[in-house]
Amino acid sequence: MAETQFMPPVTQPHSKLQGCWFPAVAANNFHGWKQIDVKGKQASRSYGDLQALRMVWTPPTAPKKKPQDPVRPAPGQSPLEKLPMEIKNQIIDHLVLDIPPEGLASRNADLMALLLTSRSMHSATLNALYRNITIPHSRIFRKFLAHLSQNPELGTIVRRLDFSHFNPTSLFTTASERATTRNLTRETLLQCLELTPYLREFLAQEYVDEDIDVHVLRKLFFGLERLQGVDFCGCSSAPFKSAFEALLAEEWPQTLTISRLSLHRCINLPSAVFETLLPCLTNLTHLDVAGTRITDKALMSIPHTARITHLNLAKCKLLSSAAVIDFLTHHPAVKDLVYLSVAADYRSYELLDEEDLTQLIPVLPSSLRSLSLKGSKMNASHIVLLRPLTKHLEELSLGRRLKVEDINRLFLPDEDMEQLDWVPHTLKYLDLSDYVGTTLNLSALFGSASLLSRHTAPLEVVEIADDVYTRLSRTPAVKRAGWTATDFGNRAWLVRNPEGVRDLGFRDWKMGAAFWGMRKIPVAFSNVGGMYGSYMFKRNL
């Protein structure tokens with residue numbers, strides 16, 4: 001304890017009556033007048049005053065620090081927060097919902113909670129939340145556009161704008177009500193594109209085609225330098241057609257950045273659109289023009305620098321078989337095809353006859369994984385030509401006029417062949433939907449060496465016509481053979497019952513689709529649903 005000293009006053013240095021003791025104490029163990037009890041109470045605050053003035057000889061007791069919990073790291077120092085941003089993005093991506101919930105239910109609740117966790121997680125979550133935007137109804141679009149208008153920096157994060165799940169009837173029952181709200185209009189859509197300068201994928205469909213005018217198209221094709229994927233699936237309204245025709249009158253650049261283009265079922269676009277647009281796609285990899293008015297001239301105008309892996313020419317009635325065969329045989333852009341559809345509806349149109357197939361099948365590349373010859377006219381001689389393809393194909397759609405016995409030869413060697421030379425097939429899906437009525441011998445399906453026996457494995461799915469499904473769904477023979485008859489929309493299948501773990505069907509070349517037999521080419525890697533899922537797996541050609 002510090003020794004006390006008497007401090008005389010400055011004016012009377014010899015006086016011992018006036019002055020003070022420093023420190024202000026008179027004896028050991030005296031802590032001030034506050035410690036004196038008066039009738040059981042502390043009547044003085046002197047010690048507290050001295051402590052506030054720091055004139056006491058004992059320092060105040062410092063509050064004890066709580067020991068750090070070794071299990072709980074300090075803020076910002078958790079193992080998750082210290083991960084590199086690239087790894088955090090991949091982890092958070094598992095919380096993102098590509099397919100939004102039905103109706104007006106809240107979505108991305110996990111992401112919104114993660115957004116409030118910490119600063120480092122906030123930035124990583126923002127990236128996941130705004131990178132791929134899915135618009136299921138116009139109210140979501142209005143909120144999204146409002147956020148971009150208030151925070152323009154968020155627009156630089158957006159890479160995909162997806163309207164494939166858009167359903168205008170989820171909020172409004174009539175067109176007049178939708179027009180009154182003006183949530184999604186030509187003006188607001190253009191404003192959205194202006195605020196997303198780094199957009200890479202724009203996915204539209206028939207429910208938004210009237211909101212795509214010439215200004216929106218001009219921004220998409222000429223104003224977004226990083227745009228790679230565009231999908232106008234089912235867009236066939238008169239305003240959409242007029243917008244494209246108006247765009248044709250403008251000056252087009254020699255090249256466009258778009259590498260994945262889908263005009264699937266844009267049935268009323270004039271041929272001039274394809275003859276103007278396709279020559280500009282020097283980096284084209286995915287092209288879906290099913291059901292359109294593409295011509296031989298437009299097809300052959302595709303630049304030689306393109307490297308097409310996915311090509312859908314189904315139901316293109318203005319294409320000739322000679323031009324298609326010449327294109328697939330000689331054009332350098334299609335040497336590495338993975339997906340090819342030259343399907344047709346034989347009831348109204350035939351693209352490939354027997355001679356055409358004899359020329360086409362031998363020139364198809366070994367890179368193919370999916371091939372549709374649906375609607376073509378086939379014969380037994382084509383089985384020998386198809387056999388080499390079945391060693392790498394996973395999907396095959398056959399034309400008509402084959403017998404079940406002919407089809408079985410795809411899976412079994414002929415009697416005169418050496419068994420050791422036989423290479424098993426890789427087919428997972430076989431389309432026989434062209435065989436209606438009595439053209440498919442049902443009794444031949446259930447024999448010991450038939451299409452539905454175990455020797456056809458790994459074949460999992462056989463697509464059948466509606467009337468065949470009606471008959472087979474009632475017979476117990478299908479179940480005894482180890483198969484199940486199922487349908488979805490206008491399509492029906494026989495599905496093999498798995499003996500072990502079923503192949504889920506995910507492949508890189510499907511770009512997120514899981515089911516077999518897709519009839520529309522995706523242009524973005526994502527889970528398939530909404531209108532795109534309907535065109536891929538629910539509808540006929």
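See the structure shown above.
Predicted model, so just to flag it, every value in this text is computed and none were measured. (Residues numbered from 1 in each chain as written. Predicted model: local features only at pLDDT ≥ 70, side-chain atom pairs only at ≥ 80, totals over all residues. Heavy atoms only, no water.)

## What to know about the overall build of the protein
Of regular secondary structure, the protein possesses 18 helices and 18 strands. Of the contacts made within the protein by residues no fewer than 6 positions apart, 69% connect residues no fewer than 24 positions apart. (Helix = DSSP H or I, 4+ residues; strand = E, 2+ residues; numbered from the N terminus. Contact = heavy atoms within 4.5 Å.)

## Points about the packing of aromatic side chains
For the structure shown, the criterion picks out 13 aromatic pairs. Three or more aromatic residues link up through ring pairs in this structure, and these residues are Phe141, Phe163, Phe166, Phe202, Phe221, Phe222, Phe232, Phe240, Phe244 and Trp252. Lysine 510 extends its terminal NZ or CZ atom over the ring of tryptophan 516, reaching a point 3.3 Å from the ring centre. Seen from the ring of tyrosine 532, lysine 520 lies directly overhead, with NZ or CZ sitting 4.3 Å from the centre. (Phe/Tyr/Trp six-rings, centres within 6.5 Å; stacked < 30°, edge-to-face > 60°. Lys NZ or Arg CZ within 6 Å of the ring centre and 35° of its normal.)

## Digging into the environment of aspartate 296
With respect to the element layout, aspartate 296 can be found in helix H11 (residues 296–300). Aspartate 296 sits in the partly exposed class, given a relative accessible area of 23%. Spatially, the C-alpha atom of aspartate 296 lies 6.8 Å from that of serine 320, the residues being 24 residues apart in sequence. (Buried < 20%, exposed > 50% of the residue type's maximum accessible area, 1.4 Å probe, protein only.)

## Things to note about the nonpolar core
Phe163, Phe202, Phe232, Leu261, Leu311, Leu373 and Leu398 are the most contacted members of the largest nonpolar core, which totals 125 residues. Those residues in contact with phenylalanine 202 that sit more than four places away from it in its chain are Leu161, Phe163, Leu189, Leu193, Ile212, Leu220, Leu227, Gly229, Val230, Asp231 and Phe232. (Core = buried A, V, L, I, M, F, W, Y, C linked by side-chain atoms within 4.5 Å.)

## A few points about helix H5 (residues 138–150)
Between the first and last C-alpha of H5 there are 18 Å, a value that for 13 residues agrees with the 18 Å anticipated at 1.5 Å per step. Taken together, the buried positions of H5 are occupied by Ser138, Ile140, Phe141, Phe144, Leu145 and Leu148. Across the axial projection of H5, the buried residues extend over an arc of 150°, all falling on one side. Buried residues along H5 sit in contact with helix H4 (119–131), strand E5 (132–134), strand E6 (160–162) and helix H7 (186–194). (Expected span 1.5 Å × (residues − 1). Arc of directions from axis to C-beta.)

Read these as spatial facts, not as claims about activity.
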